[in-house]
Amino acid sequence: MQIFHFANLSPPRLIENDGTLPESGLIWVDYGRDEAQEWACSMEPLAGCAIEPQHVDDSLNPEHPSFFDGTADYDMLVFQGLGPRDDTFPLETRTGAFFLFDRILITVREPDSISFNQVQQKLLDGRLKPPGSVLKLAHLVLDAMVDRFLRVREPMIRRFTALQDELLDPHGSVDDWRTLLDERRVARQLEALCDDQLEALDAWRRNTRTDWSGTEEIRVRDLIEHINRVEAHASGQERDIEAAVQLHFAALTHRTNEIMKVFTVAAVVFMPLTLLTGIWGMNFEFMPELHLHYGYAFALGSIVALGGLMLYLFKRKGYF
């Protein structure tokens, strides 16, 4: 657990947990989920109100989807962000819970949540302007979480494009389309994740216990607009993948038809030739052609001429 104290819009300072809080300024109490099993018991006396047990359970659930709920004393926002890896395949998420009181922000999150750690370090180094309200402080973390989603768009485009090119390559692996379908599931997962985030932020904006200023309203709308961009990107990638898979199977069908066309032409050409050889191969005693001096040359010439004529006709009609 870390406690950050913001006073007079100055960079925060870390304070010890001695059972009391400074009487002025903003307070950010940040819990790692591995040490937060009893966080409500220690925070309720400092916050001056009871915290709903269900909300406590939600904050301790690492798989909880984005969600908003609140009471007359605080707002609770659960928000899912990306995991610590730069590679988003497979998509890995980290859930953070925000409890917003009048001047206290309590967060419960995974210890390896990059966005939380980055915001804290930037605040301590003075690279971020100290917030003037609990909402602005929560917005700093939420904005960092959403920014990580925006940065995955370009790697996703490169990855999907490479897979699509390999899929449509006639010399590519037969199983490429299965890999592409796995990537489509990632795009769908990202789209569903954005839907939950949008619902949570919209519910927070409509049902918050406090009156937001115009600047605060704009900040949250900006978050919503960024998430909409990520959702639109994921939806577009999903459509592109489905089109690529359809093109893959259409190309396979076309190649199969070309092969069958060659086999069909060959079979049709050899059918009359087989008939002639079958007739002349019969072993009857009285067959006039057997005694012709040039019978063999005539038969062979007839076979070649007939086969060449059929090939010419098929070629002229564009059968191959």
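Scoring rules and cut-offs
Position numbers for residues count from 1 along each chain, tracking the sequence in the order it is written. In keeping with the model being predicted, local features are shown solely for residues with a pLDDT of at least 70 and side-chain atom pairs are shown and tallied solely at 80 or more, while totals for entire chains, interfaces and linings include all residues. Only hydrogens and water are set aside when side-chain values are computed; all heavy atoms of the structure are taken into account. Cavities and pockets were defined on a 1 Å grid built from protein atoms only: a cavity is a group of points that admits a 1.4 Å probe but offers it no way out, a pocket is an open group of points flanked by protein on both sides within 12 Å along at least five of seven lines, and a lining residue is one with an atom within 4 Å of any such point. Grid points are joined across faces, edges and corners, and a volume is the space filled by probe spheres set on the points. Only DSSP runs of H or I covering at least 4 residues are called helices, and only runs of E covering at least 2 are called strands; the numbering of each starts at the N terminus. Per-residue accessibility, obtained with a 1.4 Å probe over protein chains only, is compared with the maximum for each type, and a residue is labelled buried under 20%, exposed over 50%, and partly exposed between these values. Here the rule is simple: two strands pair whenever DSSP picks up at least two bridges between them. Per-residue confidence from the predictor is reported as pLDDT, a score between 0 and 100. Put simply, two rings from Phe, Tyr or Trp (the six-membered ring, in Trp's case) pair if the centres are within 6.5 Å, and we call them stacked under 30 degrees between planes, edge-to-face over 60, tilted for the rest. Only the stretch in contact is used when a helix axis is fitted, and all axes are lines through C-alpha atoms; the angle between N-to-C directions ranges over 0 to 180 degrees.

Novice: Looking at this structure, how should I read empty space enclosed by the protein?
Specialist: Rolling a probe over the atoms, with the probe sized like a water molecule, indicates the empty space that remains. For the coordinates displayed, the defined rule picks out three cavities of 30 Å³ or more. Estimated volume of the largest cavity: approximately 70 Å³. Considering the residues around the largest cavity, the lining is formed by Gly-81, Leu-82, Arg-94, Thr-95, Gly-96, Ser-113, Ile-114, Ser-115, Phe-116, Met-145 and Arg-148. The set of elements that each furnish at least two residues to the lining of the largest cavity consists of β5 (75-82), β6 (93-100), α3 (114-125) and α4 (134-151).

Novice: Could you clarify how one ought to interpret the pairing of strand β1 (residues 2-6) in this entry?
Specialist: Within a regular strand, side chains alternate between the sheet's two faces. Most of β1 sits out of view: four of its five residues are buried. The pairing of β1 with strand β3 (residues 26-32) spans five bridges and is classified as antiparallel. Looking at the pairing, Ile-3 lines up with Val-29 of β3. As defined by bridge partners, β1 adjoins strand β2 (residues 13-15) across three bridges and the pair is classed as antiparallel.

Novice: What's the story with the confidence of the model for the protein chain in this structure? I'm lost.
Specialist: Low-pLDDT stretches of the model should not have their predicted coordinates read in fine detail. The predicted model of the protein chain has a mean per-residue pLDDT of 86, with 96% of residues at 70 or higher. The element-level mean pLDDT for the protein chain is lowest in helix α5 (residues 153-168), coming to 76, with strand β7 (residues 104-109) highest at 96.

Novice: Looking at this model, I keep getting lost on the packing of aromatic side chains. Mind explaining?
Specialist: Aromatic ring pairs are reported here in terms of the distance separating the ring centres and the angle at which the planes meet. Overall, the coordinates contain seven aromatic pairs when judged by the stated rule. Aromatic side chains Tyr-74 and Phe-99 sit 5.8 Å apart centroid to centroid with 50 degrees between the ring planes, which places their arrangement in the tilted category. Residue Tyr-74 is located in the loop between β4 (67-70) and β5, and its partner Phe-99 is located in strand β6; the two are separated by 25 residues in the primary sequence. Classification of Tyr-74 by relative accessible area gives buried; the value is 0%. By relative accessible area, Phe-99 is classed as buried at 0%.

Novice: What is the right way to read the sheet that holds β6 from this model?
Specialist: On the basis of which strands lie adjacent, the open sheet formed by seven strands has the order β2-β1-β3-β7-β6-β5-β4 and mixed pairing. This sheet does not close on itself; its edge strands, each paired only once, are β2 and β4. If you compare each strand with its neighbour and ignore which way they point, the axes differ by 25 degrees on average.

Novice: Quick question: what am I supposed to make of the pairing of β5 here?
Specialist: Among the eight residues that make up β5, eight are buried, leaving the element largely enclosed by the rest of the structure. Following β4, the chain reverses through four residues before pairing antiparallel with β5. Where β5 meets β6, eight bridges bridge the pair, whose relative direction is antiparallel. When the bridges of β6 are listed, Leu-77 appears paired with Phe-98.

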